[in-house]
Each structure stands twice: as C-alpha cells, then as structure tokens.
Amino acid sequence: MKKNKSSKSWIIKQHRDPFFKKSKTLGYRSRSAFKLIELNEKFKFIKNNSNLLDIGSSPGGWSQIASSIIKNGKIVAVDKKPMKEVKNVIFFQKDFTDNELQKEIKKTFGGKIDIVVSDMASETTGNKSLDCIRTNLLCSEVINFSISILKQRGILVSKVFMGEDFLEIRELAKKKFKNVEFYKPKSSRSESKETYIHCETLNTL
Ligand SMILES: C[S@@+](CC[C@H](N)C(=O)[O-])C[C@H]1O[C@@H](n2cnc3c(N)ncnc32)[C@H](O)[C@@H]1O
C-alpha cells in the first residue's frame, strides 16, 4: 500500500526515537512500556502480589511490564484489538465500555483488586479536539469502574488528555478518590497532550 507524506514522516520519526529503539532491543511490544516503567518508578504501586487490571492493553507492552513484576497476583488485560499471549495474563478481546465485560472482569478477579491501569486511547479521527474528548470519556468510564473494583488504598493510573474537558476529569477524580496527582513520563512525547492521572482510593471505601 502507498504511504502518504504524514505516515512516512511518522515512520521516520519513530525510527529516530530512542524509546522506540530501546523497546525493540528489550523485546517490549510498545514504546508505551517505558511509560508504565516510569510511572511505577515515580509512584511505586506495582508489587509482587498485586492483582492488576490493564485496560487498553494491546499490543501488550504494559502487560509485559506488569507480568515481569507480579509473580503472586492475577493480571487481567482488555482491548478491542487482539493481543498476543503474555505470560500470566488473562486477556479479553472486548470493548471495555461493555457492561457484560465489566461484570466478567469482576467475576474473573472474584473480589476487589489493588491496581487498575489504563492506557486506552480512542482511534484518531484527525480532529485533535474530538480525539481528546473521546479519550477523556473513556478515562471517566475507567474512573467510575475503578471505584467499584478497587480495594481500600487501591491505585488507578490512567491516560488522560489535557484538552478542553481536562478540568472535568480532574474534578471527577477528586470527588471519587483521596489523592489525585498528574505525571507526564519523559517517554510520553512532548508534543502530545497526553498525561497520566494517579489516584488512590479513600480509606473509608
Ligand atoms: C496506546 S494503545 C495501548 C498500548 C499498551 N498500553 C501497550 O503498552 O502496548 C491504546 C489501546 O486502547 C485500545 N482501546 C481504545 N478504545 C477501547 C475500548 N473502548 N475498549 C478496549 N480497548 C480500547 C486500543 O485498541 C489500543 O490498543
């Protein structure tokens, strides 16, 4: 298939990117893997015995990182797209917003869990403002679901875009969680509006 100018320049940029090169060398399926590494270095939330849900997991970079740390916990991953097997990860190829899937996730864990991570991003339409709104809608869905599945002192880490509805997401998170912080890893491209929200559940839940 003939590639257009912008997809060609994206490929050139990708090949010059140090995180892309490093992900190939280390066998990570995505350069995003480094974002979870950095987020975990900052907040130190993934433990050997954590039960963790990875939302928007394909191609599997975050699941690979979780699987390399978690040896005595359960990892469940979800994506609309297929994902090749990752050791010790139970994968559902489904839309996260589907109510039946959300019930299935809860059934699979069989109780409250320690961590929800979400790197979900809606498909790009070419309209950046619309893309931001769609991804942030997914983030609010993740916030609302997380509050129903996380244990006390449970952790949610989710991608969010600094678009026009960013303040609404921050307010929603602050209403539902105790500690809410934002962190943009170095591996997140500086030109991207992407950042990550880190939230801890209230002790009273
Ligand atoms: C940036 S990628 C995730 C990369 C992943 N963290 C990794 O390290 O390999 C975003 C993913 O979100 C998924 N996604 C978007 N909307 C979704 C939805 N409604 N349900 C499930 N997955 C979704 C996309 O299919 C895509 O694979």
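To be clear, the structure that these remarks concern was listed above.
The rules behind the values
Residues numbered from 1 in each chain as written. Predicted model: local features only at pLDDT ≥ 70, side-chain atom pairs only at ≥ 80, totals over all residues. Heavy atoms only, no water. 1 Å grid on protein atoms, 1.4 Å probe; cavity = no way out; pocket = protein on both sides within 12 Å on 5 of 7 lines; lining within 4 Å. Points joined across faces, edges and corners; volume = space filled by probe spheres on them. Helix = DSSP H or I, 4+ residues; strand = E, 2+ residues; numbered from the N terminus. Nonpolar A, V, L, I, M, F, W, Y, C, P; charged D, E, K, R; others polar. Salt bridge = Lys/Arg side-chain N within 4 Å of Asp/Glu carboxyl O. Buried < 20%, exposed > 50% of the residue type's maximum accessible area, 1.4 Å probe, protein only. Core = buried A, V, L, I, M, F, W, Y, C linked by side-chain atoms within 4.5 Å. Contact = heavy atoms within 4.5 Å. Arc of directions from axis to C-beta. Near = heavy atom within 4 Å. Polar contact = N/O pair within 3.5 Å; in protein donor to acceptor, adjacent residues only side chain to side chain. Areas by Shrake-Rupley, 256 points an atom, 1.4 Å probe, with all protein chains shown as cover. Pairing = 2+ DSSP bridges. Axes fitted to C-alpha atoms, helices over the stretch in contact; angles between N-to-C directions.

## Thoughts on the layout of surface pockets
One water molecule sets the probe size; rolling that probe over the atoms shows where empty space is left.
Item 1. Each pocket or cavity is described by its volume, and for the largest pocket that value is around 2,000 Å³.
Item 2. Lining the largest pocket are 50 residues; nearest its centre among them are A121, S122, T124, K159 and F161.
Item 3. Among the elements that line the lining of the largest pocket, the one with the most residues is helix α6 (residues 128-149), at eight residues.
Item 4. Considering only residue class, the lining of the largest pocket consists of 13 nonpolar, 16 polar and 21 charged.
Item 5. If you add up the space inside the second largest pocket, you get close to 230 Å³.
Item 6. Taken together, 15 residues line the second largest pocket, and the ones lying closest to its centre are K44, F45, K47, R153 and I155.
Item 7. Listed by contribution, the elements that provide at least two residues to the lining of the second largest pocket are β4 (113-118), β5 (150-161) and β7 (194-201).
Item 8. With five residues, β5 is the single largest residue contributor to the lining of the second largest pocket.

## Digging into the pattern of salt bridges
Item 1. In the structure shown here, the tally under the stated rule is 11 salt bridges.
Item 2. For E104, the salt bridge identified is with K94, shortest N-O distance 3.2 Å. Residue E104 is located in helix α5 (residues 99-109), and its partner K94 is located in the loop between β3 (89-93) and α5; the two are separated by 10 residues in the primary sequence.
Item 3. We classify E104 as partly exposed; its relative accessible area is 30%.
Item 4. Connected via shared salt-bridge partners are K35, D119, K159 and E194.

## Thoughts on the nonpolar core
Item 1. Counting residues in hydrophobic clusters, the biggest one holds 30 residues, and the most contacted among them are L53, F96, I105, V116, I143, L156 and F177.
Item 2. It is α6 that provides the largest number of residues to this core, a total of seven residues.
Item 3. Among residues more than four places away in sequence, those in contact with F96 are I55, V78, L101, Q102, I105, M120, E141, V142 and F145.
Item 4. Counting 21 residues, the second largest nonpolar core, distinct from the first, contains L36, F45, L52 and A66.

## Looking at helix α7 (residues 166-176)
Item 1. Buried within α7 are the following residues: F166, I169, L172 and A173. Seen from one end, α7 has its buried residues packed into an arc of 125°, which puts them on one side. Residues of α7 that are exposed and point more than 90 degrees away from the buried face comprise L167, E168 and K175.
Item 2. In the core, the buried residues of α7 are packed alongside α6, β5, β6 (177-183) and β7.

## Thoughts on the site of the ligand
Item 1. Around the ligand, the structure places 19 residues, and the nearest of them are S30, D79, D95, F96 and D119.
Item 2. Between an oxygen atom of the ligand and a side-chain N or O atom of D79, the distance comes to 2.6 Å.
Item 3. Between the ligand and D119, the relevant distance is 2.9 Å, taken from a nitrogen atom to a side-chain nitrogen or oxygen of the residue.
Item 4. A total of 600 Å² of accessible area belongs to the ligand in isolation, and the protein chains cover 90% of it.
Item 5. When its residues are assigned to classes, the shell around the ligand shows six nonpolar, seven polar and six charged.

## Re the sheet that holds strand β2 (residues 75-79)
Item 1. The seven strands are arranged β3-β2-β1-β4-β5-β7-β6 in an open sheet whose pairing can be described as mixed. One side of each edge strand has no neighbouring strand; the edge strands of this open sheet are β3 and β6. Pairs of neighbouring strands in the sheet enclose a mean axial angle of 15°, with direction left out of account.
Item 2. Judged from the four bridges that link them, strand β1 (residues 52-55) and β2 form a sheet pairing that is parallel. Note on β2: the bridge partner recorded for L52 is I75.

Functional significance is not addressed by these values, which are geometric in nature.
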